[in-house]
Each structure stands twice: as structure tokens, then as C-alpha cells.
Amino acid sequence: MIYAFKEIEEKWQKSWQASRLFNVKADPKRKKYYLLEMFPYPSGKIHMGHVRNYTIGDVAARFKMMQGFEILHPMGFDAFGQPAENAAIKNKTKPDIWTYKCIDWMREELRKMGFSYDWEREVSTCDSSYYRWNQWIFLKMFERGLAYKKESSVNWCPSCETTLANEEVVDGGCWRCSTKVKLRDLEQWYLKITDYKERLLEDLEGLGHWPERVLAMQANWIGKSSGVEIYFRRKDNNAIIPVFTTRADTIFGATYIVLAPELPLVKELIKGKPQEKQILDFIDKVTKESKVIRTASDVKKEGYFTGAYAVNPVNNEEVPIWVADYVLMEYGTGAIMAVPTHDQRDFLFAGEHGLPMRIVIRSPGHQVTTSPENLSEAYEGPGIQVNSAQFDGLNNQEAKVKIAEWMEATKIGKIKTHWRLRDWLISRQRFWGTPIPMIYCKACGVVPVPEADLPVELPKDAPFTGAGGSPLGKVKEFVEVKCPRCGSRARRETDTMATFFDSSWYFLRFCSPKSDKLPFDKEEAGYWMPVDQYIGGIEHAILHLLYSRFFTKFFQDLGMVAFKEPFKRLLTQGMVLKDGEVMSKSRGNIVDPDSIIKKYGADTLRLFILFAAPPETELEWDDRGIEGAFKFLNRVWRIQENLMPAASPEVVRVLHKTIKKVTEDFQDFKFNTAIASLMELTNAIYQSGADKEVFAKLIILLSPIAPHFCEELWQILGNKESIFMTRWLEHEERFLIEETVAVVIQVNGKVRSKIEVPADISEDKLKELVLADEKTRAWLKDSPPKSFIIVPKKLVNIVI
């Protein structure tokens, strides 16, 4: 008998919705648990990555609910962004029409998976009821000097008249029309996240339940470096070129300096020189490339000599000034000193371009050498200073301090702390985003929109063709306004906010999604926050999490929250692969969740996705695994047909062992091993039988994983209330203590060994343990037993 999954799943999804089972209110008398998965961009179809992420969260939410917690488990949609604009242009519709249609599709797909969301708390960031609070937050930041405007370079498509992200530049051209992309300086809005750099770094220490990898990525992105800013000077005019280094001990080995292509000084140095055009073309190319690729250790580095020289202040040597792709404006001053003998990246670059090298640190225990010709790689370890003037003979760690102090004392450098973190550019020359609530008046300058006039809504009738820049600038009624201060003619800002702004505080909105006085109700947030468990992809380990932490600290400064960090625990789930590659349309290896649901049911898909691999690791899709999961559920289903009056002691023992194991594994998100334990319990039931009580407990343990399936079986057993209103099971320790007996082993009537075995062991299992005993095997000498004489719980005589 195969269970009718389609009818069962539809039945219980309707039942949960009608009974509002997962709708919650703050209850100070009960323990709360806020579980949140990163909300999705509404593409219209859920993929296996969504299924994995949300199934992990759903099991944890249902488990905590059954443990007696008041569970907040909401869902919403990160609905603004460029993909909706592109889809709208392609399908000749409006972004809002396209987005809301996709949200409807996606909501229905999520419901089909049986996820336990409180849908009454749903938020969509493209709703004006949500983005008005984006604008309110921006104004509060502007009041405190955290939002400001400055000029910066962007990728610009002259044909589409719009900015492009680095990822949208393909082979130097616009991804949409292939027109050659140019750099253009635009005035854009920034948020001064750098004001929070110390707190963002220090508070990482309190995030003990975050993956170490993520904490390291955050710390590296913030990038606090203690070192020296050294004052190299241009040979031609003696102007200072500040160079930051954390390795002052290697300064005497600097044989050239390298500038970031974005550094304005580069254009000044090459002006009128033969290499000017070549380097300008290089700058144009490099600034469109990914910074991750530019700095990757396994990618060949490209660079050019500017034709200019600098003077190293510690020894007055002239060194050539180069420009190279591996130096970023984000690090230090945008200029580095290159020491090829003691930095591998510099070593490779110098080798490729025939640049000089000098050893200044000798490895301890090695013969003194001042010749770098025989080096096969840079020496980056500790050692003794050589070729370093008055610092020769010092340990390099001691020299690092003394050289820094000497440079500061002689005013050729300054001890400094540098940060990699830069202020956050939020301006986008797009339509489908939150309008930035600012007005430009010739008399008054930049004027914020009054709070009473929020939200500044996106116009409904904007012309949407994909050409000619953002449609916002073409809607006269939107652009032309009166100045809120003097009443004269003014114009509205037409940039919109980066979508990371929307997702930097949505977890707080879920606490009180209907709040119309503030972004969120302080009391509700005080009850629910911080999020107890946050779940999402490792690709969001830096920006989204960093911005969310920044916003939380800003709200703390406003007195709106009393906590420092938004997420107590973080789980980053692995990707879903097929044939060893990430699923994608371009690779043609997509497995549609809807097709699996139609063939096997949502519970089978949930079971497989959890059993196939631990949450943090990559999961390889396997059709046989889906079949196996379906067979297991049907195996459990058939147990109801042969229930016994009473279960055997062995089954009861296995049950309590399973209760303990599953509970511990659910706490630690080890769902694959929890399922393995449930399979062992099912096997024990098939061997020895089960009564109604044991079967009911098996169903309770399985229910967070296969909720529709277990609700149905729970009802078949005569229960009226939802299984999720049942208290989670607790094991009884007495059933985990195995009673054992000592069994004497004879070989041809003579005692040869003695073993301890469980008191209720079967004869077949006893024979197996006897033959596995080392002393017994030594006496048997590979002779096959002719017979076994067994006295239960006392003796086994083997005749050979």
C-alpha cells in the first residue's frame, strides 16, 4: 500500500492555513525562538537551493515549536533589483506587475513544500509600506552625517545610458547591447559605515555560534592593519607618495613601488609619456574586472612601468614606479612598496618583468647570502636582518618595531592603523528600487524630504523601454517638485537605493510588519530579537551580514534596540550539485522541485534533501536517493497495518536510544544522522514489531522532517489535535542501560573463553559474537563448527 501523498499534502496545507497553526504573538510568559532563513529574490520558481535552505529551517522551527518555544518563523521577498527590470523590458511589461506575479508563483511553491511560515507577517521590499521605512532610515542617517554624496567612477553604457555593475561588463562591453563600456564620474550617495568599523570588528568576538570561516571573512573585509605609512618621494618634484606597509622590516628590500590603477596619481605620472595610451587602456580594462580575480594568487598579474621614479627614504635609492592590477585602492593608500625577496606576489611579478631583488631577512640556521639569484620563491618567514643598515643582526620581529619607531622619529614615516573597509556606495541609476528621499534646490542646496511626505513612491506610468537611462528622470511629475524649505522650483533625486539596503533590516520588520509609526515596534523587537538562528548561503557571508550588523548598531545608537548583534547563530548551507556541478539553466542540469513534488511528494523531497548530506556541505543530487526516501516513507506507512498489543523490550530500548539521538542531532542540525537513527528504529520495528505507543513516538520523531505524512498517520491513530501541538519526546535513561549476562564458551567441552552479551540477545546474534571472540577463534584454528550447543544466558559449547 503506497500512501496517497498528493491528497494528504493538500489536505494538511489547507488545515494549517485554516487553523493559523503557525501564526504567533509575543508572549512574555513563554520562551521565544526566532528562526529565519535569508529571504529570496522572487524569480517565480523555487530551485533546489531554496528547498534545501528552507527545509533545514523548517525542521528546526517545528522541532523548537514542539519543545514548547513560541516560534517566529516568517517569510518575505527581497523584491527590488535589476533582474525585474530586465525581465520587464524583455516581456514588455512593468517591473511591479512582473514582480508581484513572481511573488504569487513563489509563495504557492513554498506552500507546496509545507513550510511552517507565519504568512500574516509576509513583507515584500517593493511595497511602499516597506520602502517608506528605507527612506526614513536614510533620513535618520543623513541627520547624523552618515549619509553623504560624493563623486566616484562607475561603469557607464553610452547606449543604454545607465550604470553597470562589474559583473554586467562582458569582454569590455555592456551585457545587454555589447556597446563598449566607459568609466564615468558621477555624484553618488554613500553611507559612512566606516564610522562603525571598530565596533563591527570588536563585536565579532561575541559571535561564538557563527562559523569560523565567516568570522574570518568579515574580519578580513573590515581589514584592520597596523603598520607604517612611509613617505616615498617623487624624483621629479619631491612630492610625497605615501605607501602603507605592515612589513617595515623589509623596507630596505623595496626595489620598486606599485600603484593601484584607480589612483589619480597614475594619470598624472604618465601624462605626455609614450606609454600613456597603453596604460590608460589598461586602467579602463582593469577597473571593470572583479577585485577578487585581480588579487587571486593563482591569476597572472599584469602591470606597466609609468616611466617615473620615486626615492626610498630609508636609503635614498631611486626605485621605478609601476601600476599593476593586483593593487587595490581599498588597501592602505592605494600604493604599495614591492619587496620581491620576501613577498611571493612581488617575487612572481618581478620575475616576469625583470625587476631587481634584494634579500634583507635571512632564514635562521641558513648560510648568510646576499644574492637573490638562486631563490626559487620569496622567503616570507622569520629571520635575521641583513642589508638593512643599522638594523643588521636584529631579529626581524624586533626590527619591525625599531624601524617603525626610527622612521617616525626621523619624519620619513608615521606609525598608523589602516582599514580595508570603505564607505558603502548605495546609489543606483535604476528604476526598480527605493527612491532616495532628497531634493535639489538652487537656493537651499540638498534638502531632505520631510518625514510627513514619505513615502516617495515610484511613479506608476514611467516609460519602460530599457534605453535612455532610468525612467525616473523622464517622469516630469516625479522630478519636478517644490523645495520643502523655500517653496521654489526644485528637482527630486532620481537615483534609487542598492537592494542591500532593503535586506539590512528586514528581520526587524518581521517583528511588527504592520507598524505604521516606526520601521518596527520597539517592544515587539525587544521580545523577538535577536534572531536565534539565521540560515543562508555562504555567498552572503560578507556584505549582507556586515550591512545588517551595521544597521543594528545604528538602531542601537537611536535607542530603538538594546542589543548589539542581529543574529545569535548562523548556519551557512552548502550548494546543491548535479553531476559534480552547481545546478544552473546554462549547464542544463536543473532538477525542478515541482516535478519531484508531483512524482513523490514534498515530504519525500524534504527527507532526501536532509539525508543526502550534512547542511554545511555540498549536496550531490541523486535520483536513486529520492527513490530510497520514498520507499522509506512507505515502509513507515505500512507499520500501522500490523501493530501489536505490546512492543518487545528490544524495540523499546531502540526507541529511547533513537529519541536521545534524534533530539541531540536536531539541536546540532545533524539531520542526516537523525534520519539514519529513524531508519534503524524502523528496521527494529520490522524485526520485532511495535505497538501503537511505539509507532506514535516514531511518528513524532519523524514529524519535523515529513510533516504532512506524520499529521495523517497521527490522525489515523485517533488523535484530534495537530501533531505539532504535541510535546517533544524525552528519553528515559533506564531504557538505555543494557542488561548483560556472562556467557561461557566451550570448545569440544573445554572452557576456552567468556564474553558479556545483552541479556535479550538472539541465538543468531550470540553465535555471531562467539565466533568473533579472539580467544575462541584461536582455538577453532579455522575449523568450521559442526554444531553449537546453547544453554540460554549461560553457556555455548562448540563442537568441531
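Refer to the preceding data block for the structure.
Everything numeric in this text was worked out from a predicted model, so none of it was measured.

A. Seen up close, the overall build of the protein. The secondary structure content of the protein amounts to 26 helices and 32 strands. The buried share of the protein, reckoned over its 800 residues, is 53%. Intrachain contacts of the protein at a sequence separation of at least 6 include 72% that bridge at least 24 residues. Taken as a whole, the protein presents about 36500 Å² of accessible surface, with 51% of it coming from carbon and sulfur. When the 110 basic and 109 acidic side-chain charges of the protein are each reduced to a single mean position, those positions are 1 Å apart.

B. Representation of the packing of helix 2 (residues 48–66) against helix 19 (residues 602–611) in the model. The N-to-C vectors of helix 2 and helix 19 enclose an angle of 90 degrees; their axes lie 10 Å apart at closest approach. Relative to helix 19, the element helix 2 is oriented roughly perpendicular. Residues Met48, Val51, Arg52, Thr55, Ile56, Asp58, Val59 and Arg62 of helix 2 form the contact with helix 19, whose own contacting residues are Leu605, Arg606, Ile609 and Leu610. Of the residues belonging to the contact of helix 2 with helix 19, the class tally is seven nonpolar, one polar and four charged.

C. Representation of the environment of Lys140 in the model. Inspection of the secondary structure puts Lys140 in helix 5 (residues 128–143). Sequence spacing of Lys140 and Phe555 is 415 residues, and the spatial spacing of their C-alpha atoms is 9.9 Å. Aside from chain neighbours lying at most four places away, what touches Lys140 is Glu451, Phe554 and Leu558.

D. Up close: the pairing of strand 8 (residues 224–234). Judged from the seven bridges that link them, strand 8 and strand 16 (residues 413–419) form a sheet pairing that is antiparallel. Residue pairing for strand 16: Glu229 is matched across the bridge by Lys414. Where strand 8 meets strand 9 (residues 240–245), six bridges bridge the pair, whose relative direction is antiparallel. Residue pairing in the sheet places Arg233 in a bridge with Ile240 of strand 9. Linking strand 8 back to strand 9 in an antiparallel pair, the connection comprises five residues, with Asn238 at a positive phi of about 70 degrees. Both strand 8 and strand 11 (residues 303–312) contribute to a ladder of two bridges, which runs antiparallel. Residue pairing for strand 11: Arg234 is matched across the bridge by Ala310.

E. Looking closely at the pairing of strand 32 (residues 795–799). Two strands pair when backbone bridges link them, and strand 29 (residues 740–747) and strand 32 are joined in this way by four bridges, in the parallel orientation. For Val744, the partnering residue across the bridge sits in strand 32 and is Leu795. Here strand 31 (residues 787–791) pairs with strand 32 via five bridges, running antiparallel. Note on strand 32: the bridge partner recorded for Phe788 is Ile798. The turn joining strand 31 and strand 32, which pair antiparallel and follow one another in sequence, is formed by three residues; a positive phi near 65 degrees is taken by Lys793.

F. Structural context of the packing of aromatic side chains. This model, assessed by the stated rule, comprises 53 aromatic pairs. Here the aromatic rings of Phe507 and Phe567 are separated by 4.9 Å at their centres, their planes lie at 70 degrees, and the arrangement is edge-to-face. Linking Phe507 in helix 15 (residues 506–509) with Phe567 in strand 25 (residues 567–573), this pair joins segments that are 60 residues apart in sequence. Residues Phe507 and Phe567 agree in their burial class; the two are buried. One aromatic cluster in this structure is built from Tyr196, Trp424, Phe500, Phe501, Phe520, Tyr547, Phe550, Phe551, Phe554 and Phe555. Across from the ring centre of Trp133, 4.3 Å away, lies the NZ or CZ of Arg132, which sits over that ring. Between Lys235 and the ring centre of Tyr309, over which it is positioned, the NZ or CZ distance is 5.8 Å.

G. Spatial organisation of the environment of Lys301. Looking at the element boundaries, Lys301 is found in the loop between helix 10 (291–295) and strand 11. The spacing of Lys301 and Phe349 is 48 residues in sequence and 6.7 Å in space, taken between C-alpha atoms. In this structure Lys301 touches Arg294, Thr295, Ala296, Asp325, Tyr326, Arg345, Phe349 and Glu352, once residues within four positions along its chain are discounted.

H. Summary view of the sheet that holds strand 20 (residues 445–448). An order of 20-19-22-21 is seen for the four strands of this open sheet, with the pairing classed as antiparallel. Looking at strand neighbours, the two that pair on one side only are strand 20 and strand 21 (480–482), the edges of this open sheet. When strand polarity is set aside, the average angle formed by the axes of neighbouring strands in this sheet is 40 degrees. Relative to strand 22 (residues 489–492), strand 19 (residues 438–441) runs antiparallel, the two being bridged by three bridges. Opposite Cys441, over in strand 22, you have Ala490 as the bridge partner.

I. How the structure looks around the pattern of salt bridges. On inspection of all chains with the given rule, the structure shows 42 salt bridges. The partner of Lys235 in a salt bridge is Glu318, with the nearest N and O atoms 3.3 Å apart. In this pair, Lys235 sits in the loop between strand 8 and strand 9 while Glu318 sits in strand 12 (residues 317–324), placing the two residues 83 residues apart along the sequence. According to the relative accessible area criterion, Lys235 is partly exposed, its value standing at 48%. With relative accessibility at 47%, the residue Glu318 sits in the partly exposed group. In this structure, a network of salt bridges that share partners links the residues Asp203, Arg549, Lys553, Lys564 and Glu565.

J. Here's a closer look at the sheet that holds strand 27 (residues 581–582). Pairing within the open sheet is mixed, and its three strands lie in the order 27-26-28. What marks the edges here is a single partner per strand, and that holds for strand 27 and strand 28 (619–620). Here strand 26 (residues 576–578) pairs with strand 28 via two bridges, running parallel. Within strand 28, the position partnered with Val576 by the bridge is Leu619.

K. Spatial organisation of the side chain of Ser388. Relative to the elements of secondary structure, Ser388 occurs in the loop between strand 15 (384–385) and helix 12 (396–409). Of note is the side chain of Ser388, whose polar atom sits 3.0 Å from the side chain of Gln385. Apart from the residues within four sequence positions on either side, Ser388 is in contact with Phe252 and Val360.

L. Inspection of helix 4 (residues 95–112) at higher detail. In this model, helix 4 (18 residues) spans 26 Å end to end at C-alpha, consistent with the 26 Å of a helix rising 1.5 Å per residue. The complete set of buried residues in helix 4 reads Pro95, Trp98, Thr99, Cys102, Ile103, Met106, Arg107, Glu109 and Leu110. Seen end-on, helix 4 carries its buried residues on one side only, within an arc spanning 165 degrees. Looking at the buried residues of helix 4, the elements they touch are helix 2, helix 3 (82–91) and helix 18 (593–600). Positioned one or two residues after helix 4, Gly114 has a phi angle of 75 degrees, which is positive.

Conventions we followed
- Residues numbered from 1 in each chain as written.
- Predicted model: local features only at pLDDT ≥ 70, side-chain atom pairs only at ≥ 80, totals over all residues.
- Heavy atoms only, no water.
- Helix = DSSP H or I, 4+ residues; strand = E, 2+ residues; numbered from the N terminus.
- Buried < 20%, exposed > 50% of the residue type's maximum accessible area, 1.4 Å probe, protein only.
- Contact = heavy atoms within 4.5 Å.
- Areas by Shrake-Rupley, 256 points an atom, 1.4 Å probe, with all protein chains shown as cover.
- Lys, Arg positive; Asp, Glu negative; His and termini not counted.
- Charge placed at Lys NZ, Arg CZ, Asp CG, Glu CD.
- Axes fitted to C-alpha atoms, helices over the stretch in contact; angles between N-to-C directions.
- Parallel < 35°, antiparallel > 145°, perpendicular 65-115°, else oblique.
- Nonpolar A, V, L, I, M, F, W, Y, C, P; charged D, E, K, R; others polar.
- Pairing = 2+ DSSP bridges.
- Phe/Tyr/Trp six-rings, centres within 6.5 Å; stacked < 30°, edge-to-face > 60°.
- Lys NZ or Arg CZ within 6 Å of the ring centre and 35° of its normal.
- Salt bridge = Lys/Arg side-chain N within 4 Å of Asp/Glu carboxyl O.
- Polar contact = N/O pair within 3.5 Å; in protein donor to acceptor, adjacent residues only side chain to side chain.
- Expected span 1.5 Å × (residues − 1).
- Arc of directions from axis to C-beta.

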